[in-house]
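Structural overview
This is what each chain is made of:
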Amino acid sequence: MRKTILLSKRTSIRSQDKGSTSQLDENPIIACSKCGVLMWTSESTGTDRKTGEPTFTLCCNHGQISLPPINQPPALLEELLQTRWFRDTIRVYNSVLAFTSVGMKMDFSVVHAPGPYTIRIQGQTHHRIGSLIPQQGRLPEYLQLYIFDTSNEVRNRLNAMGQTTSEGCLDETTLKRLIEMIDENNCLAKIFRRDHYESVGSDFVIRFVPDKEKGKECDLPSTSEVAGLIVGDMSSTIKVRDIVVQFQSDTLQQICDDPPLYMSLQYPLLFPYGEYGFHPEIPLHLETCTSRTRQFLTIRQYYASQIQTRLNQGMTLIKGGRLLHQFVVDVYTSIEEDRLRWARNNHDILRAELYSNVLDAVSKGDTDAKIIGHRFILPPSFTGGPRYLVEKYHEVMAICREFGNPDLFITMTANPNWSEIKEHIGRYGGDSPNDRPDIECRVSKMKLDQLLKDFKAGTFFKPYTTSLHRIEFQNRGLPHAHILLWLGNSSRTPSAEEVDEIISAELPNKKKDPTSYDLATKHMIHGPCGLFNPKSPCMENNVCIKKYPRPYNDNTSIDKSGYVLYCRRRNDDASTLKAGAVLDNTFVVPHNIKLLKKRSEFARTLTYVQIPKYFVWNNSAKVWTERKKGKTIGRVVAVHPSAGDRYYLRIIINKIKGPRSYDELKTYNDVKS
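- Looking at an unreviewed UniProt entry, one finds the protein named Helitron helicase-like domain-containing protein, with Brassica oleracea var. oleracea as its source organism.

Given below as structure tokens:
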């Protein structure tokens, strides 16, 4: 019998060593074979027919998108981008150096709130450009900055901005060096030099060339390719979408969002050479036998490809810190503007006449013709539009009619400390997950897909028959998903016992299950709010909008409408200290402890001896971390009876039934330390 048990253990160990991998090993970061972008294998949407290597849609659309390489930034900018203080104040420096002004209605309550840095706006963004010479009595601003004496312009600009902003202090020396750098490298700055127009007089304009040559993007254009100087009558040569700079004017003119220099004018610190950007006629690299009708790159495809991580190219964008946040928001509004523009210009295709004008006016009871104007209808395919929301609502109601009320409502929130995020940022030398909100969103989407697969497989509870989920963004910018699950065709109300098997609203026992206790106190405690913290974001009119603290409840109960009152027993031993306040079960968010114990399932299948082969013990943090390189062989340490407490602790652990798991090993090390 002893020999049989040993053989079975050896067989299971060999099979685990051969077939088991950690979560990171199952989803490693690889370079796209088409464009070199760092991608996770789970993001692959196909394979190359010739090589069999995975291909991706997000970065290059399976090789159809081919943009020129992004150039390395000037030495000064490369040096500054390595420092935390500059990445935190880069938006202010960019505002001083920008050739255009950006107009947006910012939500400053979010910008100045504690927590991860976030930019949130309402409405539309606008880029405006002024004249070469300011009106009499006004200080130079924007592109006028590059025309006047450097020392005076820096001093005047700093005085105008007060030298100190909510995002940090401006350094006069750094700003002067940046102006000299842009003046030397940026082709847009060279256009505004005084020697370009001193001999011409005041009867002229500067016209930026919108599309010098089809397909040029991320290129380093010369001054002659970017703009032309027009003297005299300009009406015959200027087009609708041209960017025109007058000699002197007292107004700012708005520029459209599709000229190739649109972003370079606004973000000189992200595009220090004045590179060409997106324009509507960048060709796709299609196969000769393809049946696709689209021949050109979309604005979404362009920017999605541009913000990716390429180790062999310049990384000015992805190292842009807080300026990258503003750039991404600006890009998103440009994409939405393009979608709205398409809906406005294609009403015949959308058959919008079925929705608008007379029929709608009659149905509303409008009889005054003066208030009936031209309307633009957003189709249901426009994400976030009113018809989109109505369509999704009716789809959900149809599912509820078929399957009844959902059984579980689950929320999944992104965690900036996920190992996948840190590994990706570490590949190029980044130090803060908040510097890459795009990576946080991508990893969150991968985790959500995996979680839904676990639900379908019945990993935590019985498999669902139907599921719905919606992705939203918190006030601090991190994505989270609301998931509805139907576990069966019956619409009956579950019993209190069935609820308690899945959901808990109490803190776990710290002595019996310290791992669960640590996870619950770290992730599932609301607040503190109420009397402990009246200024908490959840407080309105001195009341928590989330209804915390909840009342004590000795047993789980369900009312007639199906609302669950979870068990929250009064327990003096079940509490935690958070922000100086002692919080008990009344502040616990309902949770499933198995879901909380999910970041490595592979580790829970290992015995003590196998743990060192795949994990490394961090003695200072008292945690196990996945082994990145190297290999080691684990063994069981012999403890002599004369060791006293350690020997008896070994006896107790050996008597625990079941496999010697990762959790048991962590408990042992915590006690030992």
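So much for the structure itself; the text now carries on.
Observations concerning the packing of aromatic side chains
- Summed over all chains, the structure comprises eleven aromatic pairs.
- Seen in terms of ring centroids, W85 and F86 are 5.8 Å apart; in terms of plane orientation they differ by 80 degrees. Their pairing is edge-to-face.
- Ring geometry for F532 and F587: centres 5.9 Å apart, planes at 65 degrees, overall edge-to-face. In this pair, F532 sits in the loop between α19 (514-523) and β16 (539-540) while F587 sits in the loop between β21 (581-583) and α20 (593-596), placing the two residues 55 residues apart along the sequence.
- Among the residues examined, F532 registers a relative accessible area of 47% and is labelled partly exposed.
- Residue class for F587 comes out buried when judged on its relative accessible area of 4%.
- In this structure, R322 is placed above the aromatic ring of Y117, and the distance from its NZ or CZ to the ring centre is 4.1 Å.
- The ring of Y464 has K456 sitting right over it, with the charged end atom 5.0 Å from the ring centre.

Describing the nonpolar core
- Ranked by size, the top nonpolar core spans 56 residues in total, and within it C59, F86, L178, M263, L269, Y303 and F327 carry the most contacts.
- Elements with a minimum of two residues in this core: α3 (75-80), α4 (84-97), α7 (172-185), α8 (187-191), α10 (262-266), α11 (299-306) and α12 (322-345).
- Considering each element in turn, this core owes the most residues, six residues, to α4.
- Residues lining this core come from more than one domain, with at least three contributed by each of domain 1 (30-62) and domain 2 (75-325).
- Ignoring anything within four residues of it in the chain, the contact list for C59 reads C32, C35, V37, M39, I65, S305, Q308 and R310.
- Membership of the second largest hydrophobic core comes to 32 residues, among which are W40, F455, V499 and L595.

Observations regarding the pattern of salt bridges
- Overall, the coordinates contain 18 salt bridges when judged by the stated rule.
- The partner of R84 in a salt bridge is D431, with the nearest N and O atoms 3.2 Å apart. A residue pair is termed long-range when its members are at least 10 positions apart, and R84 in helix α4 and D431 in the loop between α16 (419-427) and α17 (437-457) qualify at 347 residues.
- Residue R84 is classed as partly exposed on the basis of its relative accessible area, which comes to 28%.
- The exposure class assigned to D431 is partly exposed, which follows from its relative accessible area of 48%.
- Its salt-bridge partner being R322, residue D88 comes within 3.7 Å of it at the nearest N-O pair. Taken together, the positions of D88 in helix α4 and R322 in helix α12 put the pair 234 residues apart, joining distant regions of the chain.
- Connected via shared salt-bridge partners are R84, R87, D88, R322, D431 and D435.

Thoughts on empty space enclosed by the protein
- Here the largest cavity defines a volume of roughly 100 Å³.
- For the lining of the largest cavity, the class distribution of residues is seven nonpolar, three polar and one charged.
- Its boundaries defined by the atoms lining it, the second largest cavity holds a volume of some 60 Å³.
- Taken together, I70, Q306, Q308, T309, R310, Q313, G314, M315, T316, L317 and I318 form the lining of the second largest cavity.
- Counted by class, the lining of the second largest cavity contains four nonpolar, six polar and one charged residues.

Observations regarding the packing of α11 against α12
- Where α11 meets α12, the closest approach of the two axes is 9 Å, and the angle between their N-to-C directions is 165 degrees. Taken together, α11 and α12 sit at an angle that is classed as roughly antiparallel. As for the relative orientation of α11 and α12, their crossing is left-handed in sense. Together, I299, R300, Y303 and Q306 of α11 and F327, V331, S334, I335, D338 and R339 of α12 make up the contact between the two elements.

Cut-offs and rules
Each chain has its residues counted from 1, following the order in which its sequence is written. Only residues with pLDDT of at least 70 are given local features in this predicted model, and only at 80 or more are side-chain atom pairs given and counted; all residues enter the totals for whole chains, interfaces and linings. Calculation of side-chain values draws on the structure's entire complement of heavy atoms; hydrogens and water are dropped beforehand. Any Phe, Tyr or Trp ring, taking Trp's six-membered ring, that has another such ring centre within 6.5 Å forms a pair; planes under 30 degrees apart are called stacked, those over 60 apart edge-to-face, and the others tilted. To qualify as a helix, a DSSP run of H or I must reach at least 4 residues; to qualify as a strand, a run of E must reach at least 2; elements of each kind are numbered from the N terminus. Throughout, exposure labels follow a simple rule: accessible area from a 1.4 Å probe, protein chains only, divided by the maximum for the residue type, with under 20% read as buried, over 50% as exposed, and the rest as partly exposed. In this scheme, the term charge over a ring applies when either NZ of a lysine or CZ of an arginine sits within 6 Å of the ring centre and within 35 degrees of the ring normal. We define a nonpolar core as any set of buried Ala, Val, Leu, Ile, Met, Phe, Trp, Tyr and Cys residues linked to one another through side-chain atoms lying within 4.5 Å. Source of the domain bounds: an automatic or database domain assignment. Contact between two residues is taken to exist if any of their heavy atoms lie within 4.5 Å; hydrogens are not considered. The term salt bridge refers to a side-chain nitrogen of Lys or Arg lying within 4 Å of a carboxyl oxygen of Asp or Glu. A cavity here means a set of points on a 1 Å grid, drawn over the protein atoms and nothing else, where a 1.4 Å probe fits but cannot get out; a pocket is an open set with protein on both sides within 12 Å along at least five of seven lines, and a residue lines either one if it has an atom within 4 Å of a point. Grid points are joined across faces, edges and corners, and a volume is the space filled by probe spheres set on the points. Following the grouping adopted for this structure description, the nonpolar residues are Ala, Val, Leu, Ile, Met, Phe, Trp, Tyr, Cys and Pro, the charged ones are Asp, Glu, Lys and Arg, and the polar ones are all others, Gly among them. Helix axes are fitted only over the stretch in contact, all axes being lines through C-alpha atoms; the angle between N-to-C directions runs from 0 to 180 degrees. Here is the rule for angles: anything less than 35 degrees is roughly parallel, anything more than 145 is roughly antiparallel, 65 through 115 is roughly perpendicular, and the remaining ranges are oblique. Crossing handedness is defined as follows: a turn of the near helix away from the far one that is anticlockwise and smaller than a right angle gives a left-handed crossing, while the clockwise case is right-handed.

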